[in-house]
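Observations on the model geometry
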Amino acid sequence: MDNIERLYKCYEVLSEAGDKITEHVAEYKEILQAVKGTSKEKRLASQFIGNFFKHFPDLCDTAIEAQVDLCEDDDTQIRRQAIKDLPKLCQGNADATIRVGDTLAQLLILDDATELQQVNNSLLTIIKLDTKNAIIGLFQQITTGDEPTRERCFKFIATKLLTMGPNIITKEIEDYIVEEVKKALQDVTADEFHLCMTILGATKLGNTITGHAELVKLATEQAELNTDPIAVDDEVVERFIQCATAAAPYFSKTIKSTQFVSYVCDKLLPIDTWNLLATTVSQDQIQLRLLKVFAEMITNTDKLENASERINAVYNVLLEYMPLPKLTDEDVADAPPSFQFSHAECLLYTLHTLGKKHPSNLTFVEDAEKLKDFRARLQYLARGTQGYIKKLEESLKGKTGEELKTEENQLKQTALKTTSNINILIRDLFHSPPIFKHDIVLSWIVPKSSKLGKRHVPITFGDKAAANGKEDTSEQQEKKSRPSNEQKFYSPPSGKYSGKVNPNYGNNNHNNNHRGRNRGGGGGGAGGFRNRRYRY
């Protein structure tokens with residue numbers, strides 16, 4: 001009798017043994033040994049091992065190891081079969097479910113799309129069979145696995161597990177997920193931090209004021225706002241941006257952003273520090289990203305202590321983006337001014353908002369020379385802004401709805417929002433003393449009345465592929481899983497239109513002298529923490 005026939009014979013004996021099946025240990029061992037045989041023997045062994053697994057508890061470890069060996073076979077057909085059959089080991093066996101969950105979690109890093117689809121299917125199957133123990137296995141890899149495996153596990157939880165509905169994600173299960181993710185946050189990379197916050201935001205914490213306060217507290221701890229940095233470098237700024245971005249959706253009239261705002265004013269905006277930030281080629285970008293999240297937070301800050309000093313810090317940085325008027329037309333021709341409108345919008349909005357909250361703390365208003373200088377700079381910026389608005393409106397005039405959807409015209413529309421906002425803010429601030437009459441919506445913010453009103457949506461990975469029943473390969477997922485550099489919240493086209501603008505409406509080029517977003521290679525930690533975990 002050849003080996004294939006012998007396997008079928010063992011299967012027949014075990015199937016027909018009834019109550020006496022435990023007497024046929026030898027036959028079950030033969031099936032386990034077949035994982036070292038030919039390709040056909042391995043495929044049969046994979047199908048048979050799980051069918052009789054529960055009857056031979058003494059061989060539990062051997063059987064699981066045999067099935068896992070098949071999951072690592074060189075033959076892709078055998079691997080897929082073995083992964084598909086893994087859930088058979090989990091029926092009524094809590095320990096086996098944990099081990100299989102751990103094994104499948106490790107397999108989430110597979111590159112082959114078909115295999116990855118099968119891994120996901122098998123994980124979902126064991127979660128339906130025994131939710132708690134399957135998830136325990138998943139979190140074991142989050143605790144002990146390497147960074148690629150951890151990141152894939154977090155993505156699975158965010159995009160698969162939490163969408164399984166209340167019959168699976170009961171209160172007990174959700175509480176367990178929340179507690180385990182909080183534990184994981186004690187030692188995470190920047191990418192993992194964003195995934196953890198996305199997961200927590202999709203739980204009960206995202207639905208209550210108390211939960212929002214807890215999420216802000218977690219982001220505050222990660223940002224280390226209570227720690228005085230030895231030196232303010234790119235890594236410190238990048239960490240702050242990441243954590244402030246995670247906290248931003250949860251600030252409100254009840255949950256204040258004051259601690260984050262105070263940190264920016266005290267630690268990052270003093271002019272010597274500001275000019276040293278990001279001395280690499282990406283200086284404009286990291287500063288702009290910081291200013292954007294700062295501008296978003298400013299609305300929900302409480303009354304500031306030391307308000308005059310903190311407003312002065314904003315004012316001094318704003319002057320860096322508001323050049324003094326050129327004396328003559330020849331000066332303009334020799335060196336046309338470079339207005340960085342995106343930076344100016346953020347800083348003008350911040351000054352305007354703080355001025356509205358602290359009208360008696362605008363110290364530059366009380367100094368005649370400073371006020372004169374400020375108004376001159378405002379007027380010069382206004383001329384450049386109005387010139388750019390005119391050019392943008394002319395460029396967009398008569399465009400059809402389809403034409404307005406092109407990338408270039410989308411950039412121009414956002415540029416128009418930015419410059420229009422600047423124009424409105426200048427009108428208020430140019431008054432003597434400044435007034436705070438107008439409210440604006442920052443150019444990159446989708447109005448809350450829109451169907452897309454929430455600025456921060458859950459991070460997703462390969463939705464289109466998933467909708468078609470396909471999984472992204474690991475390389476494709478890697479490209480789609482970069483929340484820090486390519487978040488919608490942080491991707492207005494600011495860098496492409498803050499070019500040189502002649503206040504006499506001369507030659508404008510919205511692509512000049514501004515660096516675009518660095519999209520190369522970086523994960524969540526585009527600064528120094530990309531490849532390390534940060535702790536609190």
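Keep in mind that this is a model prediction, so the values were computed, not measured.

**Let's talk about the overall build of the chain**
In terms of regular secondary structure, the chain is built from 25 helices and 2 strands. For the chain, with 536 residues in total, the buried portion stands at 53%. A total of about 25,100 Å² of accessible surface is found on the chain, and carbon and sulfur atoms cover 47% of it.

**Observations regarding the packing of aromatic side chains**
Using the criterion set out here, one finds 14 aromatic pairs in the structure. Between Y11 and F52, the ring centres sit 5.4 Å apart and the planes meet at 65 degrees, which makes this aromatic pair edge-to-face. A residue pair is termed long-range when its members are at least 10 positions apart, and Y11 in helix α1 (residues 3-16) and F52 in helix α3 (residues 39-52) qualify at 41 residues. Residue class for F52 comes out buried when judged on its relative accessible area of 6%.

**Focus on the environment of R310**
By the element assignment, R310 lies in helix α17 (residues 307-320). Of the residues examined, R310 reaches a relative accessible area of 11% and is grouped as buried. When the C-alpha positions of R310 and V264 are compared, they lie 9.0 Å apart, and in sequence the two are 46 residues distant. Within the local environment of R310, its side chain forms a polar contact with the backbone oxygen of E305, the two atoms lying 2.8 Å apart.

**With respect to the packing of helix α13 (residues 234-247) against helix α14 (residues 258-268)**
Running from N to C, α13 and α14 cross one another at 165 degrees; their axes reach a closest spacing of 12 Å. One element, α13, and the other, α14, form an angle in the roughly antiparallel class. Read as a crossing pair, α13 and α14 show a hand that is left-handed. Mapping the contact onto sequence places V236, V237, F240, C243, A244 and A247 in α13 and F260, Y263, V264 and L268 in α14. Here the residues of the contact of α13 with α14 sort into 10 nonpolar, no polar and no charged.

**Notes on unusual backbone geometry**
Here the amide bond leading from S432 into P433 is cis, since omega sits at -5 degrees, within 30 degrees of zero. By secondary structure assignment, the location of P433 is in the loop between α22 (407-429) and α23 (463-467). The phi torsion at E224 lies on the positive side, around 55 degrees, for a residue other than glycine. Locating E224 in the fold gives a position in the loop between α12 (209-223) and α13. Judged by its relative accessible area of 28%, E224 falls in the partly exposed class. One non-glycine residue, N306, adopts positive backbone phi at about 50 degrees.

**Examining the pattern of salt bridges**
Applying the stated rule across the entire model yields 22 salt bridges. Taking the shortest distance from any N to any O, the salt bridge between E180 and K183 comes out at 3.1 Å. Here E180 and its partner K183 are both found in helix α10 (residues 171-184), 3 residues apart, which amounts to about one turn of the helix. Among the residues examined, K183 registers a relative accessible area of 48% and is labelled partly exposed. Put simply, K171, D175 and K204 are held in one network by salt bridges that share partners.

**Concerning the side chain of T97**
Within the fold, T97 resides in helix α6 (residues 94-106). Residues within four places of T97 in sequence aside, it is in contact with C90, I126, D130, N133 and A134.

**Points about the confidence of the model for the chain**
Low-confidence regions, as indicated by low pLDDT, have predicted coordinates that should not be scrutinised in detail. Of all residues in the chain, 79% have pLDDT values of 70 or greater, and the mean over the chain is 82. Contacts from residues 449-536, a stretch scored under 50 in pLDDT, to residues over four places away or in other chains number 222 contacts.

**Let's talk about α3**
If you check α3, its first and last C-alpha atoms are 21 Å apart, about what 14 residues at 1.5 Å a residue would give, namely 20 Å. For α3, the complete set of buried residues consists of E41, K42, L44, A45, S46, F48, I49, G50 and F52. Looking at the packing, one finds that the buried side of α3 touches α1, α2 (25-33), α4 (60-71) and α5 (76-85).

**Quick word on the side chain of T350**
Along the chain, T350 falls in helix α19 (residues 341-357). Looking at T350, its side chain comes within polar contact range of the main-chain oxygen of C346, at 2.8 Å. When neighbours within four sequence positions are excluded, T350 is seen to be in contact with F294, A295, I298 and V314.

**With respect to the environment of K42**
Mapped onto the secondary structure, K42 falls in helix α3. For K42, a relative accessible area of 16% gives the class buried. Taking the C-alpha atoms as reference points, K42 and I78, separated by 36 residues in sequence, lie 7.0 Å from one another. Those residues within four positions of K42 in sequence are excluded, and the remaining contacts are A34, V35, K36, G37, L70, D73 and I78.

**Thoughts on the environment of E192**
Note on placement: E192 falls in helix α11 (residues 190-201). Accessibility expressed as a relative area gives 1% for E192, which makes it buried. Side chain to side chain, E192 and R150 meet in a polar contact 2.9 Å long.

Calculation notes
Residues numbered from 1 in each chain as written. Predicted model: local features only at pLDDT ≥ 70, side-chain atom pairs only at ≥ 80, totals over all residues. Heavy atoms only, no water. Helix = DSSP H or I, 4+ residues; strand = E, 2+ residues; numbered from the N terminus. Buried < 20%, exposed > 50% of the residue type's maximum accessible area, 1.4 Å probe, protein only. Areas by Shrake-Rupley, 256 points an atom, 1.4 Å probe, with all protein chains shown as cover. Phe/Tyr/Trp six-rings, centres within 6.5 Å; stacked < 30°, edge-to-face > 60°. Polar contact = N/O pair within 3.5 Å; in protein donor to acceptor, adjacent residues only side chain to side chain. Axes fitted to C-alpha atoms, helices over the stretch in contact; angles between N-to-C directions. Parallel < 35°, antiparallel > 145°, perpendicular 65-115°, else oblique. Left-handed = near helix turned anticlockwise from the far one by under 90°. Contact = heavy atoms within 4.5 Å. Nonpolar A, V, L, I, M, F, W, Y, C, P; charged D, E, K, R; others polar. Salt bridge = Lys/Arg side-chain N within 4 Å of Asp/Glu carboxyl O. pLDDT = per-residue confidence, 0-100. Expected span 1.5 Å × (residues − 1).

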